[in-house]
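Observations on the model geometry
Single-letter residue listing:
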Amino acid sequence: MNRDSAKIRIDDLRHQIDKHNHSYYVLDEPVIPDPEYDRLLRELSELEELYPEFVSDNSPTKNVGAEPLSSFEKIEHIVPMLSLGNALDEDEMRAFDKRIKDKLSIENVIYSAETKLDGLAVNIFYENGILKHAATRGDGQTGEDITRNIKTIKSIKPLLKGKNIPERIEVRGEVFMTHADFRKLNQQQEKNNQKQFANPRNAAAGSLRQLDSRITANRPLSFFAYGIGDYEGALDFHSHTQVLEMLKEWGMPVSPESRKINGLDEAISFHRQISERRMTLAYDIDGVVFKVDDIEQQKILGFVSRAPRWAIAYKFPALEEMTQVLDIEVQVGRTGAITPVARLASVKVGGVTVMNATLHNLDEIRRKDVRKNDWVYIRRAGDVIPEVVSVIMDKRDENKVVVFQMPTQCPVCGSDIEKQDNEAVYRCSGGIYCSAQSIQAIIHFASRKAMNIDGLGDKLIEQLKQEGFITTIADLYSLKEKREDLIKLARMGEKSVDNLLAAIEASKETTLARFIYALGIREVGEATARSLAQHFRVFQNIRVANTDELESIQDIGPVVAKNIHTFFQQEHNEEIIERLISPEHGGIHWEETLQVEQSSELTGKTFVLTGTLISFGRDEAKEKLQMLGAKVTNSVSKNTDYVVYGDSPGSKFDKAKKLGITLLSEKAFLELLNT
Ligand code: IVH
């Protein structure tokens with residue numbers, strides 16, 4: 001059969017099966033005998049396996065009927081689903097091993113070990129290799145019919161494949177959710193304004209017990225089989241290891257963390273190994289299950305109440321613990337994101353002492369309603385940062401708890417904290433000043449499309465910061481004064497230092513667009529920087545622009561306009577910019593394409609500024625003069641027309657006097673500008 005005819009056949013089969021489903025489930029009047037129905041389903045499933053490009057979520061292999069149920073039917077397990085005894089420490093594990101050896105009169109036990117998954121136990125019933133129904137564990141005797149939902153789980157095959165498939169078999173295993181899927185699901189829930197799940201287990205349980213299987217189909221569930229219940233047919237196995245092998249051969253997913261174990265010592269060391277790797281696994285486990293591997297020995301050992309004597313769950317310390325929130329503070333990340341953190345009364349979680357837990361963002365604090373002095377559950381999951389799961393409301397003392405307020409100033413640098421309407425996070429606006437963000441800021445500043453400082457890579461920046469050579473981008477331009485000290489640095493040398501200093505020197509000659517981009521204002525990329533440069537032409541005008549003016553520029557929306565405005569409002573950012581562009585310090589410059597409105601008295605005149613002006617900054621004065629067509633230079637010569645002097649003028653003042661150049665006080669200068 002070729003691809004085209006396969007597609008035609010698949011469509012035909014789906015159509016037929018849908019029709020039979022309707023007759024069977026809705027009309028209660030099946031038109032074909034069950035084996036015939038099974039044959040159609042098997043053919044479809046096989047074709048879907050051969051041509052996975054035609055697999056679809058609404059195929060009858062995935063769903064039985066689509067209408068939500070009004071309640072779950074009950075299903076009785078043929079062989080009851082048992083529970084497991086626990087060992088909480090090594091002594092209890094040793095006692096378990098001893099009981100088995102005594103009872104069997106043997107010296108050493110061979111175990112089959114598996115991770116104990118933290119999910120939900122299910123029983124899946126296959127008849128002639130076809131998935132017939134599936135149920136939750138329930139009370140161990142009777143569970144709820146979740147057949148439709150189980151069929152939506154991608155890794156559970158509707159058909160067993162391979163040889164020696166029994167006529168009937170109950171496959172047992174655990175439905176769970178991986179950490180990555182759990183995070184994605186919670187993000188999706190948040191976007192849709194739906195409730196957050198506290199942990200992967202709750203998410204898996206909530207997803208599996210859905211009356212509408214279409215909802216389950218959209219939830220990322222996983223499954224590992226760990227055993228069998230009743231079966232009928234000629235199966236040839238003598239150990240639990242063989243049972244797992246068989247399940248794998250039939251296409252059932254089995255945990256890769258299963259192993260045959262020779263004796264107690266190996267069991268204990270396996271438990272330790274898994275415990276060390278626990279946090280790096282993709283899903284939650286709460287221990288290791290040890291099962292006597294030999295089936296004959298299992299039969300001799302038998303059961304005690306509702307648990308087998310031949311198996312035990314050797315548990316890990318819990319991942320969730322209770323403690324009290326002593327305070328809620330904020331931390332500033334490398335990108336300026338402000339993260340609220342709960343300071344906790346120290347508590348051991350999963351074997352590690354925890355004193356802080358992330359609260360992610362303000363929305364999260366509000367949603368969970370976490371307050372200072374509350375009692376909370378703390379959880380350490382796959383990653384290492386513990387988080388607050390929920391508040392224990394019963395333990396709340398209304399007179400003692402304090403509602404968290406987001407600070408308005410960055411705790412590291414004092415700049416304003418800002419929030420964007422479209423984001424949950426608050427951010428420090430002191431991008432180039434804040435020392436929490438400075439590494440990132442310097443890396444960006446030096447990058448090729450920004451100031452293009454050759455040879456100043458991430459590692460060197462980290463080193464220079466660490467050794468105290470630079471704190472902000474402005475310090476790059478004082479490095480030349482520290483040449484001798486730089487040469488002494490590890491991995492540096494005369495040649496590389498000189499190259500670096502030359503590259504920094506060369507970066508001073510740039511364009512306005514590059515310079516704006518280099519400042520790393522949030523969401524101001526190259527294109528936006530170019531638009532700003534083109535529109536305003538003069539840097540000073542960008543610095544003082546209000547949000548309305550900024551928004552009038554093409555491609556700049558309210559969010560970016562606010563970012564730009566806030567950035568230049570920060571006194572500390574301004575200080576750094578001033579240092580970068582002042583001729584005495586950074587000396588970064590570019591050619592400003594001025595639009596001289598009309599020729600004025602000052603057109604073509606050459607000015608020199610010295611001393612501190614009160615009415616405006618030196619650069620503002622410079623820009624004003626340039627707008628009028630005048631030139632501003634740094635040194636006094638016989639070509640200078642005017643020298644403007646402010647408070648405590650420098651040697652330029654004396655030189656001008658000597659050369660007989662017109663000297664203008666600030667007052668006289670203002671009058672001249674106004675004419
Ligand atoms: S064997 C007779 N193996 O633990 C043996 N159970 O208390 C019965 N579980 O809810 C279970 N991982 O869902 C077994 N690898 C594993 C398991 C496992 C998780 C759960 C199971 C049940 C509970 C038993």
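In short, a report on the structure. Note that this is a predicted model, so its numbers are computed, not measured.

**Observations concerning the packing of helix 12 (residues 438-446) against helix 13 (residues 458-466)**
Contact geometry of helix 12 with helix 13 gives a least axis separation of 10 Å together with a crossing angle of 135°. In terms of their interaxial angle, helix 12 and helix 13 are classed as oblique. Crossing geometry of helix 12 relative to helix 13 is assigned as right-handed. Only Asp458, Ile461, Glu462 and Lys465 of helix 13 make contact with helix 12, whose side of the interface consists of Ser438, Ile439, Ile442 and Ile443. When its residues are assigned to classes, the contact of helix 12 with helix 13 shows four nonpolar, one polar and three charged.

**Looking at the site of the ligand**
Every one of the 13 residues lining the ligand counts as a neighbour, but Glu114, Ala121, Glu174, Tyr226 and Lys291 are closest to it. In this structure, an oxygen atom belonging to the ligand sits 3.1 Å away from a main-chain N or O atom of Leu84. Between the ligand and Thr115 there is a distance of 3.3 Å, counted from a nitrogen atom to a backbone nitrogen or oxygen. Protein coverage of the free-state accessible area of the ligand, which is 520 Å², stands at 86%. For the shell around the ligand, the element with the most residues is strand 3 (residues 110-117), which contributes four residues. Residues belonging to the shell around the ligand are distributed by class as follows: seven nonpolar, two polar and four charged.

**Section: helix 9 (residues 264-277)**
The end-to-end C-alpha distance of helix 9, which contains 14 residues, comes to 20 Å, matching closely the 20 Å that a straight helix rising 1.5 Å per residue would cover. Every buried residue of helix 9 is listed here: Leu264, Ala267, Ile268, Phe270, His271 and Ile274. Considered in projection along helix 9, the buried side chains sweep an arc of 160° and stay on one side of the axis. Across helix 9 from its buried face, at more than 90 degrees, point the exposed residues Asp265 and Glu276. Looking at the buried positions of helix 9, the neighbouring elements they touch are helix 3 (90-104), strand 3, strand 9 (259-262), strand 10 (285-292) and strand 13 (311-315).

**Side note on the nonpolar core**
Core analysis: the biggest nonpolar cluster contains 59 residues, and Phe445, Ile453, Leu519, Leu532, Phe539 and Leu580 have the highest contact counts within it. For this core, the secondary structure elements donating two or more residues are helix 12, helix 13, helix 15 (494-507), helix 16 (512-518), helix 17 (526-536), helix 18 (539-544), helix 20 (558-569) and helix 21 (571-581). Filtering out sequence-adjacent residues up to four positions away, Leu532 remains in contact with Ile516, Val524, Arg537, Ile542, Leu550, Ile553, Ile556 and Ile564. Grouped together as the second largest cluster of nonpolar side chains are 36 residues, Ile169, Val171, Val175 and Ala203 included.

**Things to note about the pattern of salt bridges**
Summed over the entire model, instances satisfying the criterion amount to 45 salt bridges. Taking the shortest distance from any N to any O, the salt bridge between Arg3 and Glu53 comes out at 2.8 Å. Here Arg3 is found in helix 1 (residues 3-26), whereas its partner Glu53 is found in the loop between helix 2 (34-50) and strand 1 (74-76), with 50 residues between them in sequence. Accessibility expressed as a relative area gives 43% for Arg3, which makes it partly exposed. What makes Glu53 partly exposed here is its relative accessible area of 42%. Linking Glu578 and Arg543 is a salt bridge whose minimum nitrogen-to-oxygen distance equals 2.8 Å.

**Focus: the pairing of strand 18 (residues 387-391)**
The element strand 18 is largely enclosed, with a buried count of four among its five residues. Here strand 17 (residues 375-379) runs beside strand 18; their pairing, made up of four bridges, is antiparallel. Paired with Ile378 across the two strands is Val388, which belongs to strand 18.

**Describing the packing of helix 3 against helix 9**
Two numbers describe how helix 3 lies on helix 9: the axes approach to 11 Å, and their chain directions differ by 145°. Between helix 3 and helix 9 the crossing geometry is right-handed. The residues of helix 9 that touch helix 3, namely those facing Glu90, Met93, Arg94 and Asp97, are Leu264, Asp265, Ala267, Ile268 and Arg272. Among the residues making up the contact of helix 3 with helix 9, the classes are represented as four nonpolar, no polar and five charged.

Thresholds, definitions, all that
- Residues numbered from 1 in each chain as written.
- Predicted model: local features only at pLDDT ≥ 70, side-chain atom pairs only at ≥ 80, totals over all residues.
- Heavy atoms only, no water.
- Axes fitted to C-alpha atoms, helices over the stretch in contact; angles between N-to-C directions.
- Helix = DSSP H or I, 4+ residues; strand = E, 2+ residues; numbered from the N terminus.
- Parallel < 35°, antiparallel > 145°, perpendicular 65-115°, else oblique.
- Left-handed = near helix turned anticlockwise from the far one by under 90°.
- Contact = heavy atoms within 4.5 Å.
- Nonpolar A, V, L, I, M, F, W, Y, C, P; charged D, E, K, R; others polar.
- Near = heavy atom within 4 Å.
- Polar contact = N/O pair within 3.5 Å; in protein donor to acceptor, adjacent residues only side chain to side chain.
- Areas by Shrake-Rupley, 256 points an atom, 1.4 Å probe, with all protein chains shown as cover.
- Expected span 1.5 Å × (residues − 1).
- Buried < 20%, exposed > 50% of the residue type's maximum accessible area, 1.4 Å probe, protein only.
- Arc of directions from axis to C-beta.
- Core = buried A, V, L, I, M, F, W, Y, C linked by side-chain atoms within 4.5 Å.
- Salt bridge = Lys/Arg side-chain N within 4 Å of Asp/Glu carboxyl O.
- Pairing = 2+ DSSP bridges.

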